[in-house]
Amino acid sequence: MPEQKKERNRENLKEALHLENIRKAYHTGSGDVPVLKGVNYDIWRGEFIGIMGTSGSGKSTMLNILGLLDKPTGGLYRLDGIDVSRMSDYELTRVRNIKIGFVFQAFNLFPHLTVQENIEVPMLYAEVPAKKRHEISAYMAERVRLGHRLDHRPNQLSGGECQRVAVARSLVNSPTFILADEPTGNLDEKTGAEIMNLFHELHDAGTTIVMVTHNPYYEPHYDRVIYLRNGMVWKIIDNIAGYTQEYQ
């Protein structure tokens, strides 16, 4: 269980994400199927946010839109002050690599690459020079306590170590925020707790984290929890201010 969260003056925080009336519908043979029906919320720099919801709530679609893996049908999505709602696929790819660090449930490491090479992948796409890549990846490996494993490959690591590599990889381009999708879902309880502690360390150092999960056990860990239901925000739990607001 995390320590008691301290009150912060959000008026002085910088906007990381702004979502305004985000809608998403999928086309089928029988017509459009609405999944997101007007989602509104802001996330501020330095927050640790949980996005929760049951199956069918729109959580996965929200994850894809936040990660620029899918485009909303309507509404405004502003990332670090940039309107990304109507960008081209090429523009989205560039912004996604620089502005978002991804951590997935299945780790998504390249099995033929070493720990150091896996951590360097986002920097390759960002065309960071080799010397700087090596320096940053070595530093990030030390930061997640894997500096002694740089030459190992994923099949030589435990599940928790693989997830630490994924966390290090997510940080290398100094993104606006880390987007974590069920990052403890493939781990046992003890290892999952260790990974959550790592996220808390990053959060305490100022990293903005958005974690999508179905696990209510983690609710106290977040600054705020945004609950989705039927494609809309229906409840926000604010663990810093100590209140809950329902919208439906």
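Up top you'll find the structure we're talking about.
Residues numbered from 1 in each chain as written. Predicted model: local features only at pLDDT ≥ 70, side-chain atom pairs only at ≥ 80, totals over all residues. Heavy atoms only, no water.

Draft legend 1. View of the nonpolar core. Within the largest apolar cluster, 39 residues are counted, with the highest numbers of intra-cluster contacts made by Ile119, Val167 and Phe199. A per-element tally of this core places helix α5 (residues 159-171) first, with six residues. In this structure isoleucine 119 touches Ser137, Met140, Ala141, Val165, Ala168, Arg169 and Val172, once residues within four positions along its chain are discounted. Listed in part, the 31 residues of the second largest apolar core include Ile49, Met62, Leu79 and Ile226. (Core = buried A, V, L, I, M, F, W, Y, C linked by side-chain atoms within 4.5 Å. Buried < 20%, exposed > 50% of the residue type's maximum accessible area, 1.4 Å probe, protein only. Helix = DSSP H or I, 4+ residues; strand = E, 2+ residues; numbered from the N terminus. Contact = heavy atoms within 4.5 Å.)

Draft legend 2. Local environment of helix α4 (residues 130-143). Given a rise of 1.5 Å per residue, 14 residues ought to cover 20 Å, and the 20 Å separating the end C-alpha atoms of α4 matches this to within 8%. Looking only at α4, the buried set comprises Arg133, Ile136, Ser137, Met140 and Ala141. Here the buried residues of α4 occupy an arc of 135 degrees about the axis, which is enough to place them on one side. In this structure, α4 carries Lys131, Tyr139 and Glu142 as exposed residues pointing more than 90 degrees from its buried face. Residues of α4 that are buried in the fold lie against α3 (115-125) and α5. (Expected span 1.5 Å × (residues − 1). Arc of directions from axis to C-beta.)

Draft legend 3. Expanded view of the packing of aromatic side chains. For the coordinates displayed, the defined rule picks out four aromatic pairs. On the numbers, 5.6 Å between centres and 0 degrees between planes, the contact of phenylalanine 102 with phenylalanine 104 is stacked. Classification of phenylalanine 104 by relative accessible area gives partly exposed; the value is 25%. On the basis of an interplanar angle of 70 degrees and a centroid distance of 5.4 Å, the ring pair of tyrosine 217 and tyrosine 218 is categorised as edge-to-face. The exposed category is assigned to tyrosine 217, whose relative accessible area is 52%. Taking the relative accessible area as the measure of exposure, tyrosine 218 reaches 8% and is therefore buried. Its guanidinium or amino end placed over the ring of tryptophan 234, arginine 229 lies 4.1 Å from that ring's centre, counting from NZ or CZ. The ring centre of tyrosine 227 lies 4.9 Å from the NZ or CZ of lysine 235, which sits over that ring. (Phe/Tyr/Trp six-rings, centres within 6.5 Å; stacked < 30°, edge-to-face > 60°. Lys NZ or Arg CZ within 6 Å of the ring centre and 35° of its normal.)

Draft legend 4. Here's a closer look at the sheet that holds strand β7 (residues 177-181). With respect to topology, seven strands assemble into an open sheet ordered β6-β7-β8-β3-β9-β10-β11, the strand pairing being mixed. In the strand order of this sheet, the two ends are held by β6 (100-103) and β11 (243-246), each with one partner. Each strand axis lies, on average, 20 degrees off the axis of its neighbour in the sheet, ignoring direction. Pairing analysis gives four bridges linking strand β3 (residues 48-52) to strand β8 (residues 209-212), with the strands arranged parallel. Looking at β8, one finds that isoleucine 49 is bridged to valine 210. (Pairing = 2+ DSSP bridges. Axes fitted to C-alpha atoms, helices over the stretch in contact; angles between N-to-C directions.)

Draft legend 5. Just the sheet that holds strand β4 (residues 74-79), in detail. Sheet architecture is open: four strands sit in the order β2-β1-β4-β5, paired in antiparallel fashion. The two strands at the open ends of the sheet, each matched to only one other strand, are β2 (31-44) and β5 (82-83). Packing against the sheet, helix α1 (residues 59-66) makes contact with β1 (15-28), β2 and β4, and its axis sits at approximately 120 degrees to β1.

Draft legend 6. Broad picture of the pattern of salt bridges. The tally for this structure, following the rule as stated, stands at 10 salt bridges. The salt bridge partner of aspartate 89 is lysine 71, with a shortest N-O separation of 3.3 Å. Here the residue aspartate 89 occupies a position in helix α2 (residues 89-99), and lysine 71 occupies one in the loop between α1 and β4, the gap between them amounting to 18 residues. Exposure remark for aspartate 89: the relative accessible area of 55% places this residue in the exposed category. Put simply, Arg45, Asp80 and Lys99 are held in one network by salt bridges that share partners. (Salt bridge = Lys/Arg side-chain N within 4 Å of Asp/Glu carboxyl O.)

Draft legend 7. Geometry of unusual backbone geometry. Not every positive phi belongs to a glycine, and arginine 145 is a case in point at roughly 60 degrees. For arginine 145, a relative accessible area of 44% corresponds to the partly exposed category. Unlike most non-glycine residues, asparagine 230 shows phi in positive territory, near 55 degrees. Within the fold, asparagine 230 resides in the loop between β9 (224-229) and β10 (232-238).

Draft legend 8. Quick look at the environment of tyrosine 218. Within the fold, tyrosine 218 resides in the loop between β8 and β9. The sequence separation of tyrosine 218 and proline 34 amounts to 184 residues, and the corresponding C-alpha distance is 29 Å. Those residues within four positions of tyrosine 218 in sequence are excluded, and the remaining contacts are Met52, Thr184, Gly192 and Met196. Of note is the side chain of tyrosine 218, whose polar atom sits 3.2 Å from the side chain of threonine 184. (Polar contact = N/O pair within 3.5 Å; in protein donor to acceptor, adjacent residues only side chain to side chain.)

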